[in-house]
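# Results of the structural survey
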Amino acid sequence: MPFSRSFLSEEQFQCSICLDVFDNPVSTPCGHSFCKACIGRYWESAKLCQCPLCKETFQKKPQLHINRTLREITEQFKRMTGEEGACGGRDKAACGRGEERLTKPGEIPGDLFTQVKRKVPKNSLREDTTVTTMVTLPLDADPSSASGFTRRVSYRRYTLSGAADAKEVELCPKHHQQLEMFCRTDQQCICVECAEHEHQSHSTVSAESQWEESKSHIGITKLEIKEKISERQRKVEEIKSSMLDIQMSAERETQGSVRVFSALVESIERSQAELLEVIEINRRSAEHQAEGMIRELEQEVLELRKRSFTLGNLLRSDNYVKCLTSYYSTLSSPPPIKDWSGVSVTSDLCTRQVYQSLCQLLERFQEELHRLPEVADITLDPNTAHPRLILADDRKKVRCGDRHQPLPDNPERFDRVVCVLGREGFDSGRHYWEVEVGGKTDWDVGVASSSINRKGKITVNPSNGYWFLSLRDKNNYAFRTEPSTTLPVTLRPQKIGVFVDYDKGQVSFYNVEAKIHIYTFQDTFCKPIQPFFSPCTNKSGKNEAPLIITPVLLD
């Protein structure tokens with residue numbers, strides 16, 4: 001049975017760009033086919049490579065090759081549609097043998113695909129070999145009976161293995177024609193009839209050209225949206241990082257406040273116990289003194305009563321000789337009694353001294369609070385890092401790489417000495433931070449003036465704005481003066497504590513685990529200073545361990 005023109009028509013072999021039969025057809029990765037020249041011109045004017053049909057975007061411009069199978073089918077179609085005769089190009093002898101397939105002008109022989117399959121290997125028949133057909137509304141159809149037919153048209157793709165997806169195009173609801181134009185005045189798609197009548201005075205262009213222009217704006221908008229999304233995602237990560245920093249700071253402050261106030265409460269409780277003890281001792285002493293006075297007074301009262309009784313008996317006696325003798329021998333002189341006029345028991349328990357000691361304790365506590373160093377949350381400044389230094393994402397870790405990184409040579413960056421400064425600077429107050437140095441053979445840790453030279457050869461000493469402790473060859477510790485001050489460190493530190501009192505000009509270093517003071521340098525700071533770090537070169541892997549700024553744990 002022959003394939004009639006109603007089944008395979010010219011529209012099935014048309015390029016959707018030029019609307020002509022394929023010429024050197026190529027297939028895109030999404031499976032759609034176009035003339036090689038048409039898709040080439042289409043992508044030349046576009047910023048993004050998209051399929052004109054399904055709008056799939058390709059990251060790179062695809063390398064398109066001619067679809068030989070589709071080209072051969074198209075060529076066969078062109079030849080068949082141009083031939084006439086009852087046998088469709090076959091010889092009359094074949095017709096006489098009854099093998100002929102009668103074809104009419106414009107029809108395709110039924111064995112077309114059989115012939116193609118014979119010539120083309122089976123594994124070369126790819127499913128991306130496509131043709132396109134258009135389903136339109138029949139002339140005798142009632143437009144009001146089916147809105148789907150009156151409002152849109154479907155472009156369906158066919159492959160050698162069957163039909164693929166369809167693309168629906170809106171039709172003008174008034175004229176039932178394809179919306180090929182765009183009215184810029186009314187911002188809507190219209191058909192040719194609408195453009196010639198209702199929109200005659202408006203600015204109109206072809207819908208395809210308007211879409212090509214709009215796609216560039218959409219692409220730019222999409223990129224802007226993508227950038228805004230990235231900015232907000234970075235801000236989310238920044239906020240999350242800040243939340244972690246706040247949590248760590250809160251934990252440090254909690255530990256510090258518990259330690260300080262526990263010491264205060266302990267001192268107050270101790271002072272309270274001392275006060276209660278003093279009160280009790282003084283109370284008992286006062287009671288004992290009062291009881292002694294009472295006993296002595298009562299004894300004198302008893303003696304006076306006896307004397308008074310004896311004198312009364314003398315007055316009642318008539319034997320004046322005997323009375324005179326008794327009176328002048330024992331009773332005429334007053335008895336030896338104590339003068340109690342200036343004697344009293346005081347209510348003072350002598351607690352004033354204890355209260356004064358407590359006040360002095362509180363004053364010392366307040367002074368200690370003011371003298372407590374601020375635990376500095378140090379982060380590394382990537383703008384100052386030497387190109388060989390590799391910083392962690394949290395800016396708390398630094399190590400030396402094998403080669404220079406492509407970084408901008410900004411004025412803040414060190415270009416010869418492998419070092420980096422902390423982002424935070426100080427111009428007053430007391431500050432403390434800790435750096436893990438375990439596993440390294442060489443390192444420098446300390447502070448530097450914010451105005452130091454960053455370029456070329458650098459002389460590191462206090463007069464040039466450098467105050468730091470150094471380790472060389474695992475065992476040689478020194479403070480960088482001119483000449484260097486060698487330090488006898490018997491216990492190798494794994495973590496170095498750095499304390500800076502800017503106002504007093506002190507820089508001190510501690511072995512954190514052993515709680516041992518290593519060295520203190522006294523100077524005068526005239527400009528802001530910043531933390532200084534150098535992991536030194538990695539020495540072919542022997543010194544590749546990083547310097548790590550660690551959280552300060554308050555005991």
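Read on for a plain summary of the structure. Throughout this description, residue numbers start from 1 for each chain and increase along the sequence as written. Given that the model is predicted, a residue must reach a pLDDT of at least 70 before its local features are reported, and side-chain atom pairs must reach 80 or more before they are shown or counted; all residues, however, enter totals for whole chains, interfaces and linings. For the side-chain quantities, the full set of heavy atoms in the structure was used; hydrogens and water were omitted.

A separate point is the nonpolar core. Among the nonpolar cores identified, the biggest contains 37 residues, and Trp433, Trp443 and Phe533 are the most heavily contacted of them. In contact with tryptophan 443, not counting residues within four places along its chain, are Val437, Leu469, Ser470, Leu471, Arg472, Tyr477, Ile496, Ser534, Cys536 and Leu547. Grouping buried Ala, Val, Leu, Ile, Met, Phe, Trp, Tyr and Cys residues that are joined through side-chain atoms within 4.5 Å yields what is termed a nonpolar core. Note on classification: 1.4 Å probe, protein chains only; a residue is buried when its accessible area is under 20% of the maximum for its type, exposed when over 50%, partly exposed between these limits. With 16 residues, the next largest nonpolar core counts Cys15, Phe22, Tyr42 and Cys51 among its residues. The criterion used for residue contact is that any of the two residues' heavy atoms lie within 4.5 Å.

Every case where a carboxyl oxygen of Asp or Glu lies within 4 Å of a side-chain nitrogen of Lys or Arg is listed as a salt bridge. Counted under the stated rule, the structure contains 15 salt bridges. For arginine 232, the salt bridge is made with glutamate 231, and the minimal N-O distance between the two is 4.0 Å. By relative accessible area, arginine 232 is classed as exposed at 51%. Of the residues examined, glutamate 231 reaches a relative accessible area of 39% and is grouped as partly exposed. If you follow the salt bridges from partner to partner, you end up with Glu280, Arg283, Arg284 and Glu287 in one network.

Turning our attention to unusual backbone geometry. In this chain, glutamate 482 is followed by proline 483 through a cis amide linkage whose omega measures 0°. Assignment of secondary structure puts proline 483 in the loop between strand E18 (476-479) and strand E19 (485-487). For arginine 395, which is not glycine, the phi torsion reads 60° and is therefore positive. Structurally, the position occupied by arginine 395 is in the loop between strand E12 (389-391) and strand E13 (397-400). Accessibility expressed as a relative area gives 29% for arginine 395, which makes it partly exposed. For lysine 539, which is not glycine, the phi torsion reads 50° and is therefore positive. Strands here are runs of E lasting at least two residues and helices are runs of H or I lasting at least four, both read from the DSSP assignment and numbered beginning at the N terminus. Of note, lysine 539 is situated in the loop between strand E23 (529-534) and strand E24 (547-550).

The criterion for strand pairing is that DSSP finds at least two bridges linking the strands in question. Pairing of strand E17 (residues 466-472) with E18 involves 4 bridges; the strand directions are antiparallel. Its bridge partner being in E18, serine 470 is matched across the sheet by alanine 478. In textbook terms, the turn of a hairpin is the stretch between consecutive antiparallel strands, and for E17 and E18 this stretch comprises 3 residues, one of which, aspartate 473, has a positive phi near 55°. Alignment of E18 against E19, held across 3 bridges, turns out to be antiparallel.

Glancing now at the side chain of glutamine 530. Mapping glutamine 530 onto the fold places it in strand E23. The class for glutamine 530 is buried, based on a relative accessible area of 11%. Counting of polar contacts relies on pairs of N or O atoms within 3.5 Å, with two restrictions inside protein: one atom must be capable of donating a hydrogen and the other of accepting it, and residues adjacent in sequence are counted only when both atoms are side-chain atoms. Separated by 2.9 Å, the side chain of glutamine 530 and the backbone oxygen of glycine 422 make a polar contact. Not counting the four nearest positions on each side in its chain, glutamine 530 is found in contact with Leu421, Gly422, Arg423, Glu424, Gly425, Gly446, Val447, Ala448, Ser450 and Arg454.

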